Amino acid sequence: MSERVEQILANYAGENPGVIGNLRRLMNTGRLAGTGKIVILPVDQGFEHGPARSFAPNPPGYDPAYHPALAVEAGCNGYAAPLGFIESIAHRYAGELPLILKVNNSDSLGGPDTPCSALTSAVDDAVRLGCSAIGYTIYPGSGLRNQMYQDLRDLINEARAAGLPSIVWSYPRGSMSKEGETAIDVAAYAAQIACQLGAHVVKVKPPTEVVYQDAAKKSYENIPIGTLAERVRHVVQAAFGGKRIVIFSGGAAKGTAAVLEEVGEIAKGGGYGSIVGRNAFQRSNKDAVKLLHDIMDLYAAQA
Ligand code: FBP
């Protein structure tokens, strides 16, 4: 038993043993097992961005078998993907690697103002495939956000009844500029909304120093947001004073030094971990494993 993991799980004391057990499994798997820090490999970009944009930089990634093997080799805590990818590998990995079924997805072929993902799989699928959690994306800022929030309410209830925790990707977009999507006030707000909706784990993008909403500017006058570590600390605070697990996404592929610098700041700011897709699977297998290990070492150093 890890004291740190049990300390984190105490924040979920109202949950049923199935949900708690799956959160425990997620935190007790891989190279970071027992530290309370997590690194997840997400591969839904084939759906979200298209196959060539996602897999052409490292063509073995077209094969669904490639990604969970990478996750295991690198010692990730879990692997998240849409139904098709999970269905093709679950028989081999259920019980060995925590699988997270992304139950909604959106493509890059639609209009910009009212983004809304389609429900692409169900809690029943997650149970059938031996998954440890469901994943769901909300777009705070979309004209259709209330529909997404209501669908999520029902899914969280259904997943909970099956003993599965819910991991929420909270990505502001729709009625705001690109700059607004990652602004610190918007990122903290997005984390808070996901927690209030009942998310067990929240995922947001690393925030910038921009304060986007005029109404929030005064409140930020005395909140330190000058460094990424400070901004991460604020987002973690927005997630129930750190009582919910908040992880940060990797973003588009960039140089190794830039990835590690960003992760170093996230770790320093008290982030619980990272969910790194393109920066992992778009590198060669050897480089991806090395980068993921280096990322994990940065978190382990702060655990
Ligand atoms: P990346 O590390 O590749 O950014 O993956 C994290 C992720 O949340 C994916 O699950 C998702 O497909 C992607 O980011 C969305 O990125 P974007 O907001 O750029 O469409």
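For the structure, see preceding data.
Below is a summary of the structure that appears in this document. (Residues numbered from 1 in each chain as written. Predicted model: local features only at pLDDT ≥ 70, side-chain atom pairs only at ≥ 80, totals over all residues. Heavy atoms only, no water.)

Turning to unusual backbone geometry, a few remarks are in order. Not every positive phi belongs to a glycine, and Phe240 is a case in point at roughly 60 degrees. We classify Phe240 as partly exposed; its relative accessible area is 30%. (Buried < 20%, exposed > 50% of the residue type's maximum accessible area, 1.4 Å probe, protein only.)

Attention now goes to the packing of helix α13 (residues 256–268) against helix α15 (residues 285–302). Relative orientation of the contacting elements α13 and α15 amounts to 20 degrees, with a least axis distance of 9 Å. Considering the angle they form, α13 stands roughly parallel to α15. Considering the relative orientation of α13 and α15, their crossing is right-handed. Note on element contacts: α15 touches α13 through Leu291, Asp294, Ile295, Leu298, Tyr299 and Gln302, opposite Thr256, Val259, Leu260, Val263, Gly264, Ile266, Ala267 and Lys268. (Axes fitted to C-alpha atoms, helices over the stretch in contact; angles between N-to-C directions. Helix = DSSP H or I, 4+ residues; strand = E, 2+ residues; numbered from the N terminus. Parallel < 35°, antiparallel > 145°, perpendicular 65-115°, else oblique. Left-handed = near helix turned anticlockwise from the far one by under 90°. Contact = heavy atoms within 4.5 Å.)

Because each turn of an α-helix spans 3.6 residues, side chains separated by three or four positions in sequence point in the same direction. Of all 11 residues that make up helix α12 (residues 228–238), 8 are buried, and the element is covered over most of its length. Residues of α12 that are buried include every one of Leu228, Ala229, Arg231, Val232, His234, Val235, Val236 and Ala238, and no others. Structurally, α12 contributes buried residues whose contacts are with α10 (184–196), β8 (201–204), β9 (245–249) and α13.

Side-chain alternation along strand β2 (residues 78–81) places Gly78 and Ala80 on one buried face and Tyr79 and Ala81 on a second face that is also buried. Where β2 lies against strand β3 (residues 99–102), 3 bridges are found, and the strand directions are parallel. Within β3, the position partnered with Tyr79 by the bridge is Leu99. Taken together, β2, helix α6 (residues 83–93) and β3 constitute a β-α-β crossover, and its handedness is right-handed. (Pairing = 2+ DSSP bridges. Right-handed = clockwise from strand over helix to strand, strands pointing away.)

Looking at where Glu48 falls in the secondary structure, it is placed in helix α3 (residues 45–48). Among buried charged residues, Glu48 stands out as having no salt bridge; its nearest opposite-charge side chain is Lys102, 4.1 Å away. Not counting residues within four places of it along the chain, the set of residues in contact with Glu48 comprises Lys102, Asn105, Ser106, Asp107, Ser108 and Tyr139. (Lys, Arg positive; Asp, Glu negative; His and termini not counted. Salt bridge = Lys/Arg side-chain N within 4 Å of Asp/Glu carboxyl O.)

Next up on the list: the environment of Tyr189. You can see Tyr189 is positioned in helix α10. Taking relative accessible area as the criterion, Tyr189 reaches 47% and is therefore assigned partly exposed. As a C-alpha pair, Tyr189 and Pro172 span 17 residues in sequence and 9.2 Å in three-dimensional space.

A word on the site of the ligand. Close contacts around the ligand come from 16 residues, with Asp44, Tyr171, Arg173, Lys203 and Lys205 the closest. Between Gln45 and the ligand, the recorded distance is 2.9 Å, taken from a side-chain N or O atom to an oxygen atom. Here Lys205 contributes a side-chain N or O atom positioned 2.4 Å from an oxygen atom of the ligand. Protein coverage of the free-state accessible area of the ligand, which is 470 Å², stands at 90%. (Near = heavy atom within 4 Å. Polar contact = N/O pair within 3.5 Å; in protein donor to acceptor, adjacent residues only side chain to side chain. Areas by Shrake-Rupley, 256 points an atom, 1.4 Å probe, with all protein chains shown as cover.)

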